[in-house]
Amino acid sequence: MKALYPLFADLTGRAVLVVGGGAVAERKVRALLNCGATVRVGAPRLTRALRAWADAGRLAHLDGPFQDDWLACAWLVVAATGDRALNARVKAAADTRRILANVVDDPALSSFQVPAIVDRTPLTIAISSGGAAPVLARRLRERMEALFDPALGELARLARDHRPAIRRAYPDHGARRRFYDWLYDGPVLGQLRADDAAEAARTLLARLDDAGDEPAPPPSLRWIAPCPADPGDITLSQLRALNEADVLVYDTQVGEAVLSLARRDADRRPLEMDRHEDAGSREARVLALCSGYRNAVALVV
Ligand SMILES: C[C@@]1(CC(=O)O)c2cc3[nH]c(cc4nc(cc5[nH]c(cc(n2)[C@H]1CCC(=O)O)[C@@](C)(CC(=O)O)[C@@H]5CCC(=O)O)C(CC(=O)O)=C4CCC(=O)O)c(CCC(=O)O)c3CC(=O)O
Ligand SMILES: NC(=O)C1=CN([C@@H]2O[C@H](COP(=O)(O)OP(=O)(O)OC[C@H]3O[C@@H](n4cnc5c(N)ncnc54)[C@H](O)[C@@H]3O)[C@@H](O)[C@H]2O)C=CC1
């Protein structure tokens, strides 16, 4: 089964046509309006909510049965009538105009599909089953709603608003990353959750003021020794350490297959091993190589 290419499209002010005015069309329209799209709904019958949005001028209603020329100027179209053959006809008309089309009763025919969404704008978590199991996508979304703090959106906005200042305060990449670790793990989220945005911003700014005063904490160092040659023999906790590491110090005999399990942006520090060296001196050499980092993993065969 082929994979769909996930993308986040900016629809602000772009015309999107929805053909059909039932419950499913209404759900798609709500999401489109939420994203600032210029929505036109073509159908002889509208749900009460669609009718209210049309009356309030939030969307344009094209009354009557589908006509090809409704597609003029559209960037996207959603075929959401209850008539399968008609939906297929809308899709064919969209194809000739190279307009991407979502066909609500036919995943295979769709040139784009709509995912289930956990909305923490500007943070969006989208779940797709590629049309295989839409209800499963919805159920996963419901479970994830409980998993992700409602204040995460505000946290992301706070980070966005202070990004230039954060970059100025922490020009060094490693120090900046430590700042972000603090921002996302520290007290700020709790303050936002308590609805105290001003306090959260003050906490962030106070930390920026102190930038440069904080000595780099010693790295937390995990050993993977002996390191297996086969990545399949890595334990779950070793894998977690590799995913958290911002630096890998490794015996040059450790294979690429294992190293490639680590975070891709982790720095790499190869270490020539001396078989006769005592453990203390080896550890000192390893620690010297990971100074300034937060999470280090040392791999030795
Ligand atoms: C291909 C796709 C087309 C598209 O992009 O629209 C499509 C197709 C179909 N859905 C069907 C059924 C249902 N879909 C939902 C709900 C959602 N469906 C969504 C997306 C998609 N649905 C796209 C694939 C996404 C993917 O796979 O990842 C969600 C995620 C997003 C959204 O629509 O906003 C939204 C959950 C939002 C949320 O709550 O998070 C429910 C309601 C429920 O679960 O409560 C039912 C049960 C209704 C029932 O059966 O009664 C049927 C069979 C219809 C039938 O048999 O009549 C088809 C057609 C087929 O599969 O052939
Ligand atoms: N993708 C999804 O998430 C889901 C898709 N579906 C599918 O979506 C389809 C639509 O479902 P509902 O909204 O509940 O249907 P519905 O029957 O409530 O609404 C159909 C709409 O299409 C309009 N329509 C009919 N002929 C038209 C024409 N010639 N031109 C323009 N509009 C026309 C009607 O006026 C009506 O507004 C269903 O057939 C079902 O297969 C159902 C559930 C979920």
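Residues numbered from 1 in each chain as written. Chains lettered and ligands numbered in written order. Predicted model: local features only at pLDDT ≥ 70, side-chain atom pairs only at ≥ 80, totals over all residues.

You'll find the chain entered in an unreviewed UniProt entry as precorrin-2 dehydrogenase, with Castellaniella denitrificans given as the organism. Regarding the chain, the relevant UniProt record gives this comment under Pathway (unreviewed entry): "Porphyrin-containing compound metabolism; siroheme biosynthesis; sirohydrochlorin from precorrin-2: step 1/1." In UniProt, the chain has this text filed under Catalytic activity (unreviewed entry): "precorrin-2 + NAD(+) = sirohydrochlorin + NADH + 2 H(+)". (UniProt positions renumbered as here; feature names shortened; annotations may be inferred.)

Visitor: An account of the site of ligand 2 is requested, with residue identities and associated values reported.
Guide: Near ligand 2 you find 21 residues, and of these Gly-21, Gly-22, Val-24, Arg-45 and Thr-81 are the closest. Those elements giving two or more residues to the shell around ligand 2 turn out to be helix H1 (23-34) and strand E2 (38-43). Examining the composition of the shell around ligand 2, we find that three residues originate from one element, H1, more than from any other. Residues that form the shell around ligand 2 fall into these classes: twelve nonpolar, six polar and three charged. (Near = placed C-beta within 6 Å. Helix = DSSP H or I, 4+ residues; strand = E, 2+ residues; numbered from the N terminus. Nonpolar A, V, L, I, M, F, W, Y, C, P; charged D, E, K, R; others polar.)

Visitor: Describe the nonpolar core, naming the residues involved and giving the relevant values.
Guide: Ranked by internal contacts, the top residues of the largest apolar core, which has 31 residues, are Val-18, Val-19, Val-41, Val-77 and Ala-79. Going through the elements one at a time, strand E1 (15-19), H1, E2, helix H2 (48-55), strand E4 (76-79), helix H3 (84-96) and strand E5 (100-103) are the ones with two or more residues in this core. Ignoring anything within four residues of it in the chain, the contact list for Ala-79 reads Val-19, Asn-87, Val-90, Lys-91, Ala-101, Asn-102, Val-103 and Val-104. Grouped together as the second largest cluster of nonpolar side chains are 20 residues, Ala-245, Val-247, Ala-262 and Leu-299 included. (Core = buried A, V, L, I, M, F, W, Y, C linked by C-beta atoms within 7 Å. Buried ≥ 20, exposed ≤ 12 C-beta atoms within 10 Å, placed from the backbone. Contact = placed C-beta atoms within 7 Å.)

Visitor: Give a description of the environment of Cys-227 that names residues and reports values.
Guide: Residue position: Cys-227 is located in the loop between strand E8 (220-224) and helix H10 (236-244). Distance from Cys-227 to Ala-137, taken between C-alpha atoms, is 38 Å for residues 90 residues apart in sequence. Once residues lying within four places of it in the same chain are set aside, the contact partners of Cys-227 are Val-254, Val-258, Leu-299, Val-300 and Val-301.

Visitor: Pulling in residues and values, what's your account of the UniProt feature "domain: Siroheme synthase central" (unreviewed entry) in the chain?
Guide: Taking the numbering used here, the UniProt-annotated feature "domain: Siroheme synthase central" (unreviewed entry) corresponds to residues 122-146. End C-alpha to end C-alpha, residues 122-146 measures 18 Å, and it is 52% helix and 20% strand.

Visitor: Which residues make up the UniProt feature "domain: Sirohaem synthase dimerisation" (unreviewed entry) in the chain, and what are the values?
Guide: With numbering aligned to this structure, UniProt lists the feature "domain: Sirohaem synthase dimerisation" (unreviewed entry) at residues 151-208. For the annotated span residues 151-208, helix accounts for 83% and strand for 0% of the residues, and the straight-line distance between the end C-alpha atoms is 21 Å.

Visitor: Could you give me a rundown of the pairing of E2, with the residues and numbers involved?
Guide: Counting buried residues in E2 gives five out of six residues, a clear majority hidden from the surface. Crossover connection from E1 via H1 to parallel E2: handedness right-handed. A crossover links E2 with its parallel partner strand E3 (residues 60-63), the connecting element being H2, and its sense is right-handed. (Right-handed = clockwise from strand over helix to strand, strands pointing away.)

Visitor: Describe the sheet that holds E4, with residues and values.
Guide: Remark on secondary structure: sheet strands pair via backbone hydrogen bonds, oriented parallel or antiparallel. The sheet built from five strands is open, its strands ordered E3-E2-E1-E4-E5 with parallel pairing. Two strands close off the open sheet at either side, each with one partner strand: E3 and E5. Averaged over all neighbouring strand pairs, the angle between strand axes comes to 20°, with direction disregarded. Where E1 and E2 come together, five bridges link them in parallel fashion. Residue Val-19 lies in a different strand from E2, and its bridge partner there is Gly-42. Of the strands in this sheet, E1, E2 and E4 touch H1, which is tilted by about 165° from E2. (Pairing = 2+ DSSP bridges. Axes fitted to C-alpha atoms, helices over the stretch in contact; angles between N-to-C directions.)

Visitor: Explain the site of ligand 1 residue by residue, including any values.
Guide: Close contacts around ligand 1 come from 21 residues, with Pro-107, Val-114, Ala-116, Ser-129 and Pro-134 the closest. Among the elements that make up the shell around ligand 1, the one with the highest residue count is helix H4 (residues 134-147) (five residues). The residue inventory of the shell around ligand 1, partitioned by class, reads nine nonpolar, seven polar and five charged. Shared between two domains, the shell around ligand 1 holds at least three residues of each, these being domain 1 (15-114) and domain 2 (115-148). (Domains from an automatic or database assignment.)

Visitor: Outline the environment of Arg-240, supporting the account with residue identities and numerical values.
Guide: In this structure, Arg-240 sits in helix H10. Counting along the chain gives 22 residues from Arg-240 to Ala-262, while the straight-line C-alpha distance between them is 8.8 Å.

Visitor: Tell me about the environment of Arg-264, and please be specific about residues and values.
Guide: Structurally, the position occupied by Arg-264 is in the loop between helix H11 (256-259) and strand E10 (267-271). Through-space distance from the C-alpha of Arg-264 to that of Asn-243 is 8.7 Å; in sequence the pair is 21 residues apart.

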